[in-house]
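# Coordinate inspection notes
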Amino acid sequence: MPLVVPGINSSFGDKSEWVNKLMGKTISDTTNETSFAKKDLPESHRVLKPGDAKTMDHNPNRLNILVDDAGEVHDVNYG
């Protein structure tokens, strides 16, 4: 049975919703077929490129958007 820790295991958003919206797109100022507008992201988010430094604090409300070297989203998670 998996360990359940209140506030850690419960997500404040639906990862699959964000995967569907962002996967393969870039983050920009406008939304179109190949990009998603920054203004439409949750208030608490960060975009992480390969090799970026990041804080290790866990924030279950924060959406982490992981992009590749070309800037395309390849994964999202909360934390």
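This text gives an overview of the structure that appears in the document. (Residues numbered from 1 in each chain as written. Predicted model: local features only at pLDDT ≥ 70, side-chain atom pairs only at ≥ 80, totals over all residues. Heavy atoms only, no water.)

Trp 18, Leu 22, Ile 27, Phe 36, Leu 41, Leu 63, Ile 65, Val 67, Val 73, Val 76 and Tyr 78 together form the largest nonpolar core, which totals 11 residues. Mapped onto this core, the elements with two or more residues apiece are α1 (15-22), β4 (63-67) and β5 (73-78). (Core = buried A, V, L, I, M, F, W, Y, C linked by side-chain atoms within 4.5 Å. Buried < 20%, exposed > 50% of the residue type's maximum accessible area, 1.4 Å probe, protein only. Helix = DSSP H or I, 4+ residues; strand = E, 2+ residues; numbered from the N terminus.)

Within the fold, Arg 62 resides in the loop between β3 (45-48) and β4. With relative accessibility at 9%, the residue Arg 62 sits in the buried group. Spatially, the C-alpha atoms of Arg 62 and Gly 79 are 5.6 Å apart, while their sequence positions differ by 17 residues. Not counting chain neighbours up to four residues away, the residues in contact with Arg 62 comprise Ser 44, His 45, Arg 46, Thr 55, Asp 57, Asn 77, Tyr 78 and Gly 79. Reaching out from Arg 62, the side chain makes a polar contact with the backbone oxygen of Asp 57 at a distance of 2.8 Å. Among the polar contacts listed, one links the side chain of Arg 62 to the backbone oxygen of Gly 79, at a separation of 2.8 Å. (Contact = heavy atoms within 4.5 Å. Polar contact = N/O pair within 3.5 Å; in protein donor to acceptor, adjacent residues only side chain to side chain.)

So, about the packing of aromatic side chains. Throughout the structure, instances matching the rule amount to one aromatic pair. Ring geometry for Trp 18 and Phe 36: centres 6.0 Å apart, planes at 80 degrees, overall edge-to-face. One end of the pair, Trp 18, is in helix α1; the other, Phe 36, is in strand β2 (residues 35-37), with 18 residues separating them in the sequence. You'll find Trp 18 and Phe 36 in the same group, each marked buried. Of note, Lys 21 hangs over the ring of Trp 18, and the distance from its end group to the ring centre comes to 4.6 Å. (Phe/Tyr/Trp six-rings, centres within 6.5 Å; stacked < 30°, edge-to-face > 60°. Lys NZ or Arg CZ within 6 Å of the ring centre and 35° of its normal.)

The next point concerns the environment of Gly 51. Turning to its location among the elements, Gly 51 is positioned in the loop between β3 and β4. Looking at Gly 51, the relative accessible area reads 82%, which means it is exposed. In sequence terms Gly 51 and Asp 69 are 18 residues apart; their C-alpha atoms lie 9.6 Å from each other.

Within the element layout of this structure, Thr 26 appears in strand β1 (residues 26-28). Classification of Thr 26 as partly exposed rests on a relative accessible area of 26%. Taking the C-alpha atoms as reference, Thr 26 lies 8.0 Å from Val 67; in sequence the two are 41 residues apart. If we ignore the near neighbours within four places in the chain, the residues touching Thr 26 are Thr 34, Ser 35, Phe 36, Ala 70, Gly 71 and Glu 72.

These figures come from the coordinates and say nothing about function on their own.
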